Amino acid sequence: MATGGRPETAGTRAGLDKRPADVAAMFDRVAGRYDVTNTVLSGGLDAGWRRATREALGARPGSTVLDVAAGTAVSTVELAAGGVHAIACDFSQGMLRAGAARAVPKVAGDAMALPLADQSVDGVVISFGLRNVADPVAALREFSRVTRPGGTLVVCEFSSPVWGPFRTVYTEYLMRALPAIARVVSSNPEAYVYLAESIRAWPQQPELARWLQEAGWGDVAWRNLTGGVVALHRGTRI
């Protein structure tokens, strides 16, 4: 029974208001099987999306990169390839613990209030995490604060397929098949109902590009992956 006005699903799934405590609790509960669930739900495409994100960032050896909403740090390990100093940051303690064996530095932190000094990193990446932030534009401004002038931001996020018939099929998959598959493989299937709802509510590529510009990023552009199921948005710290 719900108490104190909280939904019965509190702790298992967040709402589209994306209250930070609810989002963190939800990810704590999916942490144990998070990586395998993502691979199954994406049909194994997640590894290619991570490689494309690293390539879009184009970080040089010796540079410092912050991986926001890094989860279990799978994406951080990818970013660290080639001598990049990549730091995993997430506000879900459960996710960071699940990735404890991955040999990259980790820090607990909120995307809207990063525990880093001004202009302290050469680039920022957030993969499939901006959609879970209560105020995405505030987070984009925070990423600018910690990035040195000339540095790069890459946002890898679920987006809107560009071909109409495929977009219809994809929406059906999100709302029907994805939660059903999650019931088999996930440690918290309810979280994947939120996942589907949050993807469907997320703005299309041009709107997200406008948010980056509003937050002060220059040279904003995007590239579609998998027909627009995922989009990489890139900006430069002015």
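In this text, all values refer to a predicted model and were calculated from it rather than measured experimentally. (Residues numbered from 1 in each chain as written. Predicted model: local features only at pLDDT ≥ 70, side-chain atom pairs only at ≥ 80, totals over all residues. Heavy atoms only, no water.)

### A word on the overall build of the protein chain
Consideration 1: Helices and strands together make up the secondary structure of the protein chain, namely nine helices and seven strands.
Consideration 2: Taken against the 2.2 N^0.38 rule, which gives 18 Å for 238 residues, the C-alpha radius of gyration of the protein chain at 17 Å falls within 12% of a compact globule.
Consideration 3: Across its three principal directions, the C-alpha atoms of the protein chain cover 50 × 40 × 35 Å.
Consideration 4: When the accessible surface of the protein chain is split by element, carbon and sulfur atoms take 54% of a total near 10600 Å². (Helix = DSSP H or I, 4+ residues; strand = E, 2+ residues; numbered from the N terminus. Rg over C-alpha atoms; globule rule 2.2 N^0.38 Å. Areas by Shrake-Rupley, 256 points an atom, 1.4 Å probe, with all protein chains shown as cover.)

### A short note on the sheet that holds strand E4 (residues 121–127)
Two pairing modes exist for strands in a sheet, parallel and antiparallel, and in both the strands are linked by backbone hydrogen bonds.
Consideration 1: Taken together, seven strands build an open sheet; the order of strands is E3-E2-E1-E4-E5-E7-E6 and the sheet is mixed. With one partner strand each, in any of the chains shown, strand E3 (106–108) and strand E6 (217–225) form the two edges of the open sheet. Within the sheet, the average angular offset between the axes of one strand and its neighbour, ignoring direction, is 20 degrees.
Consideration 2: Pairing geometry for strand E1 (residues 64–68) and E4, over four bridges, is parallel. Along E4, the bridge assignment pairs Asp-67 with Val-125.
Consideration 3: Here helix H9 (residues 205–214) sits on the sheet and contacts strand E5 (147–158), E6 and strand E7 (230–237); the angle it forms with E6, its principal contact strand, is near 155 degrees. (Pairing = 2+ DSSP bridges. Axes fitted to C-alpha atoms, helices over the stretch in contact; angles between N-to-C directions. Contact = heavy atoms within 4.5 Å.)

### Some points on the nonpolar core
Consideration 1: In this structure, Phe-27, Val-30, Trp-49, Phe-158, Tyr-192 and Val-230 are the most contacted members of the largest nonpolar core, which totals 35 residues.
Consideration 2: Only helix H1 (20–30), helix H2 (34–41), helix H3 (46–57), E5, helix H7 (164–185), helix H8 (190–201) and E7 provide two or more residues apiece to this core.
Consideration 3: For this core, the element with the most residues is H8, which contributes six residues.
Consideration 4: In this structure, Cys-89, Val-133, Phe-143 and Val-155 belong to the second largest nonpolar core, which totals 27 residues. (Core = buried A, V, L, I, M, F, W, Y, C linked by side-chain atoms within 4.5 Å. Buried < 20%, exposed > 50% of the residue type's maximum accessible area, 1.4 Å probe, protein only.)

### Focus: H7
Residues spaced three or four apart along an α-helix face the same direction, because each turn holds 3.6 residues.
Consideration 1: In this model H7 runs 30 Å from its N-terminal to its C-terminal C-alpha over 22 residues, within 8% of the 32 Å that 1.5 Å per residue would give.
Consideration 2: Leu-174 marks the point of greatest bend in H7, at about 40 degrees.
Consideration 3: Turning to H7, its buried residues number three or more, namely Tyr-170, Leu-174, Leu-178, Pro-179, Ala-182 and Val-185.
Consideration 4: Those residues of H7 that are buried are in contact with H2, E5 and H8. (Expected span 1.5 Å × (residues − 1). Bend = angle between axes of the 7 residues up to and from the residue.)

### Section: the confidence of the model for the protein chain
Consideration 1: Residues of the protein chain with pLDDT of at least 70 account for 95%, and the chain-wide mean is 90.
Consideration 2: Across residues 1–11, confidence stays below pLDDT 50; counting only partners more than four residues off in sequence or on other chains, it has 11 contacts. (pLDDT = per-residue confidence, 0-100.)

### A few points about the UniProt feature "binding site: S-adenosyl-L-methionine" (unreviewed entry) in the protein chain
Consideration 1: Per the UniProt annotation, the sites labelled "binding site: S-adenosyl-L-methionine" (unreviewed entry) are Thr-72, Asp-90, Asp-110, Ala-111 and Ser-127.
Consideration 2: Structurally, the position occupied by Thr-72 is in the loop between E1 and helix H4 (74–79).
Consideration 3: A polar contact of 2.8 Å, which involves the side chain of Thr-72, links it to the side chain of Asp-35.
Consideration 4: Looking at the element boundaries, Asp-110 is found in the loop between E3 and E4.
Consideration 5: Under the relative-accessibility criterion, Asp-110 is labelled partly exposed at 23%.
Consideration 6: Dropping the residues within four chain positions of it, Asp-110 is found in contact with Pro-20 and Phe-91.
Consideration 7: Only 2.8 Å separates the side chain of Asp-110 from the backbone nitrogen of Met-112, close enough to count as a polar contact. (UniProt positions renumbered as here; feature names shortened; annotations may be inferred. Polar contact = N/O pair within 3.5 Å; in protein donor to acceptor, adjacent residues only side chain to side chain.)

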